[in-house]
Amino acid sequence: MDRALIWLSLVGFFLASVTSEPKTKQQNVDIYSFHINSTVTSRYAITVITSRVANSLDESQEVHFQVKIPKNAFISKFRMTIEGKTYDGIVKQKEEAQQQYSQAVSRGQSAGLVSSVGRTLEEFKTSVTVAALSKVTFELTYEELLKRRLGKYELLINAQPTQPVADFKIDVHIHENRGISFLEVKGGLSTNELASAVTTTRSGPESWVKFYPTPEQQKKCEGCGENGLNGDLIIIYDVERSKSEGEVRTSQGYFVHYFAPTDVQRIPKNVVFVIDRSGSMHGRKIEQTRLAMLRILGDLSEDDYFGIITFDSKVDTWNRELLKATQSNVEDAKKFVREITDRGSTDINAAVLEGVEMINRHPREGSASILILLTDGDPTAGETNPTRIQNNIREAIGKKFPLYCLGFGFDVDFDFLEKMALENEGVARRIYEDSDADIQLQGFYEEVATPLLTNVQMKYTGAENVTQTDFSHYYNGSEIVVAGQLTDNNLETFSTEVIAISKKENVKYIDTIATQGRSTGVLSGFENFIERLWAYLTVKQLLGKEQLLKGEKKKAAKKEVLDLSLKYNFVTPLTSMVVTKPQGEETQVAHKPKERGTTQRRGHIQLAGTASISGGITARGGFPSRGFPSRGRIVNTYQAAPDYDYHDYSVFSSSDHHVGQVNGPIFLPTFLPTHPPPTNTAPEASPVRFLIQAQDQSEPLCYDIPASQRLRLLQDPSSDFSMNGELIESGGTGFSQITIHYKTDHMTLSTSGIIFSDGQNAVKFLWNQEPTTHETDSVSLILRNKEMDVSMGNTRVVILLREQDGNSFLWPAVRQRPSTTTLPGLFGKPPVAYTAVTLSHPPKLKIQDQEVQVSKSTATDYSIHSAPRVGCWLVPFQVAMQGELSDFTVSNL
């Protein structure tokens, strides 16, 4: 039979909703068998989902396969069997898979989809055309290492087959050599009418969980109905821990060491909470933060020391020194927490550095220090350059204690937080905006609330290619896992040594095991599970480490990830899975989606040429077709989608995203829409309202500017930087076009798209494309989440694409200025100093020695991603800017 390619596309978008819409039952399709078989061997889970489907029509039709798998897992196998013929997936380097995919796209074939859904799952979708009265079998395998949190492992299995199934089974087999200390089954599929469908059996080191609901039971569970099951089965367990040295297993030249001692005294901690109280935390977020902090304070032990820092553009402390968690201190801190209110912008750099200083001022022998940052946004005050912030904090901490970063919601730059945490031996965790956000915050704290060991070092004799061996802290309820290769398969013994610091002394755990015959007890068919566990753990750790590396070390880490992914058939951020299936079917690709929120990922595609483009370029997705005179000839033209992955590997899809580059001398006069110059007649449209920050005052000033003005926004004569903008003619919103000039560089932004030219090359972007980065010697452009982050010399501005009442507009936000003094332009003014004139009615403010009548009003702060509505004092333009409007207008952008 002729064959074509299917490229299973795991697109990395993320839905903030905890649940997805129920899937609709396919008509005239009978899922007559649906099995999920999960085998857990020493915490390493391999799960196989098998769906057998029959087309009951007397004509061919498309049959869908749609399942959810844990985000932490790697897909390692996908197979379809149609009319007795099997079509296997092959994992390839992403670029190699891309070439096959591009050919199919040119034939007009579409892409399938695997996406992130909710907090813990990814949804895998594909389909195939099945002949009349024929059958197809889908089989998907994924692998994951279960992580111990709060003293337990959780295996999550989701089932949503879209219809009641006559032969529905979930089988879970757990084998733990040391024995299983407890096991329970939770989740929506184990409650009410379905409870009787769950059976558990335990025998020595093994346990079995079976879930065999009848078709009638499949309609009666919570969230179920005529479409059958829709929910999770969660198997929770822990293992016996008779040896403090941990558990070591070896098999076929590989070892794994699980270390989780329990006979250790807790170490008193020094913990500082750094809490964002900026305006974007308004409403439920700040309320939930207060609630979580009140609970956390109540859980502190009396021998702990703690501090609380809150910040917006200013940094405040509950107390400048760490205080002991006595009952009176805790109650005083609770009063402080109850009074936390949202306001202002976000100075992450100053706040975290204050937290570092607070811990450094309080050295205490026999204690463990922890710094926890909670924020929901990007740095917008003080030092705003992410790289400089990361460098400042890394140098200040100096590997003395970990930094944990909690990102609240999806406006936060999670990549920034994750890198900052990894550089300081911590982790980053996303807190989802939901009704249980306070529980999420408290849950994370509980994971790090009880340090038992610090400076943990794992040493192995006769091992190589070992995963991470140094850990800053070991917490109660967690587990350290190390895997590696044995240097000699003929070794009769294998030695482990763990050195760490406990509450009162340095401790050492030494163990020697016999390697001969150690493979006994391994389940049949899973003899190489330790090797696969080692590969899985190595890839996971390298993907995190790679973010911190540069140059040749970064390339080497990527190469190692790619080599391991290809060898073990893992779908990771550097690989894609290509599947063959019958001729005439669509082409799709699968690669690992990554939850990032706003990310800085490379992925612009170039339209390469050295020549004249006569007649114009037609760029779909919002750009008008306009003349683009230049010199030379067009070498190649192709359409591209951005990179869905943060590891610099381009991925293409059949979308209308188009990013072009033209090499050679160019003239760029009219690529974006232009408008006639404003007249002296004031337009009838409503004015545009601007905010200007106040010095040492909680409420800013605001002022109005008539619509359809061309304005000088910021100019720095010392660096040849200037930014101008044109307000939308209809008024009331923002800018229709913004231009930025820097030396020989020129950038034009409109609601349709963006063009950047360095005088030789031009690069074009669309607002709705995936995160993209473009860099030259002194310019950095980062497009993400409808924001263009522009760094030119010592100036950094962010241009945001906004929507209001169905209309799009631009809004500039200056994140870093080259000078603290006044610069030409609307955004060149430093914060305005004012004082309220007492007993005045109507209200008056004193500004620049002038008493001005003002009114209380509101304005939308479009410079912040969440665009909060803030209170402000409305003043005349001339007062706010200390000049006439004509001083800020320009004739040409």
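The rules behind these values
- Residues numbered from 1 in each chain as written.
- Predicted model: local features only at pLDDT ≥ 70, side-chain atom pairs only at ≥ 80, totals over all residues.
- Heavy atoms only, no water.
- Helix = DSSP H or I, 4+ residues; strand = E, 2+ residues; numbered from the N terminus.
- Contact = heavy atoms within 4.5 Å.
- Areas by Shrake-Rupley, 256 points an atom, 1.4 Å probe, with all protein chains shown as cover.
- Salt bridge = Lys/Arg side-chain N within 4 Å of Asp/Glu carboxyl O.
- Pairing = 2+ DSSP bridges.
- Axes fitted to C-alpha atoms, helices over the stretch in contact; angles between N-to-C directions.
- Parallel < 35°, antiparallel > 145°, perpendicular 65-115°, else oblique.
- Left-handed = near helix turned anticlockwise from the far one by under 90°.
- Nonpolar A, V, L, I, M, F, W, Y, C, P; charged D, E, K, R; others polar.
- Phe/Tyr/Trp six-rings, centres within 6.5 Å; stacked < 30°, edge-to-face > 60°.
- Lys NZ or Arg CZ within 6 Å of the ring centre and 35° of its normal.
- Buried < 20%, exposed > 50% of the residue type's maximum accessible area, 1.4 Å probe, protein only.

Below, the discussion takes up the overall build of the protein chain. Counting secondary structure elements, the protein chain contains 10 helices and 53 strands. Across the protein chain, contacts joining residues at least 24 apart in sequence account for 70% of those joining residues at least 6 apart. Per element, the accessible surface of the protein chain, about 36,100 Å² overall, is 45% carbon and sulfur.

Here we come to the pattern of salt bridges. Following the criterion strictly, the structure yields 41 salt bridges and no others. Note that Asp704 and Arg689 form a salt bridge whose closest N and O atoms lie 2.8 Å from each other. With Asp704 in strand β37 (residues 701-705) and Arg689 in strand β36 (residues 688-692), this pair connects stretches of sequence that are 15 residues apart. Look at the salt bridges and you will find they share partners, linking Arg43, Arg148, Glu176, Asp238, Arg241, Glu247 and Glu479 into a network.

Moving on to the sheet that holds strand β49 (residues 834-836). Sheet strands associate in pairs through backbone hydrogen bonding, adopting either a parallel or an antiparallel arrangement. Read across the open sheet, the 3 strands follow the order β49-β50-β51; overall the sheet is antiparallel. The open sheet has two edge strands with one neighbour each: β49 and β51 (850-853). Here the average twist between neighbouring strands, direction ignored, is 30°. Note that strand β50 (residues 844-847) and β51 share 4 bridges and pair antiparallel. In the strand pairing of β51, Lys846 is matched with Glu851.

Closest axis-to-axis distance for the helix α5 (residues 386-397)/helix α6 (residues 414-423) pair is 10 Å, and the angle between their directions is 20°. On the basis of their axis angle, the class for α5 and α6 is roughly parallel. As α5 packs across α6, the resulting crossing turns out to be right-handed. Residues Pro386, Ile389, Gln390, Ile393 and Arg394 of α5 form the contact with α6, whose participating residues are Phe416, Lys419, Met420 and Glu423. For the contact of α5 with α6, the class distribution of residues is 5 nonpolar, 1 polar and 3 charged.

Taken in spatial order, the 4 strands of this open sheet run β36-β37-β53-β52, and their pairing is mixed. Here the strands that pair on one side only, and so sit at the sheet edges, are β36 and β52 (855-860). Strand-to-strand twist across the sheet, computed as the mean angle between neighbouring axes with direction ignored, equals 50°. Direction of pairing for β36 relative to β37: antiparallel, over a ladder of 5 bridges. Of the residues in β37, the one forming a bridge with Arg689 is Asp704.

Taken as a whole and judged by the stated rule, the model has 30 aromatic pairs. The interplanar angle of 40° and the centroid separation of 5.3 Å between the aromatic rings of Phe74 and Phe570 together place this pair among those described as tilted. Of the two residues, Phe74 sits in strand β6 (residues 74-82) while Phe570 sits in the loop between α9 (551-568) and β32 (575-582), which places them 496 residues apart along the sequence. Following the ring pairs from residue to residue traces out a cluster consisting of Phe690, Tyr703, Phe735, Phe809, Trp811, Phe827, Tyr862, Phe877 and Phe888. Lying over the aromatic face of Tyr212, Lys169 brings its terminal NZ or CZ to 5.2 Å of the ring centre. Of note, Lys856 hangs over the ring of Trp873, and the distance from its end group to the ring centre comes to 5.4 Å.

We now examine the side chain of Gln440. Its place among the elements puts Gln440 in helix α7 (residues 437-448). Here Gln440 falls in the buried class, since its relative accessible area comes to 15%.

Another aspect to go through is the packing of helix α8 (residues 529-546) against α9. Closest axis-to-axis distance for the α8/α9 pair is 9 Å, and the angle between their directions is 150°. The angle between α8 and α9 falls in the class roughly antiparallel. Considering only the axes of α8 and α9, their crossing is left-handed. Contacts between α8 and α9 involve Glu531, Arg532, Trp534, Ala535, Thr538, Val539, Leu542, Leu543 and Glu546 from the former and Lys554, Ala557, Lys558, Glu560, Val561, Leu564, Ser565, Lys567 and Tyr568 from the latter. In terms of residue class, the contact of α8 with α9 is built from 9 nonpolar, 2 polar and 7 charged.

Glancing now at unusual backbone geometry. In this model, Asn785 sits at a positive phi of 50°, which is unusual for a non-glycine residue. Relative to the assigned elements, Asn785 resides in the loop between β45 (779-784) and β46 (787-792). Asn785 gets classed as partly exposed once you look at its relative accessible area, which sits at 35%.

Attention shifts here to the pairing of strand β30 (residues 493-501). What you see with β30 is a clean split: Phe494, Thr496, Val498 and Ala500 sit on the buried side and Thr493, Ser495, Glu497, Ile499 and Ile501 on the side with no burial. As paired elements, strand β26 (residues 451-461) and β30 share 6 bridges and run antiparallel to each other. Note that in β30 the partner of Gln457 across the bridge is Ile499. Of the strand pairs in this sheet, β30 and strand β31 (residues 506-514) are connected by 9 bridges, and their pairing is antiparallel. Considered in β31, the bridge of Phe494 is made with Ile513.

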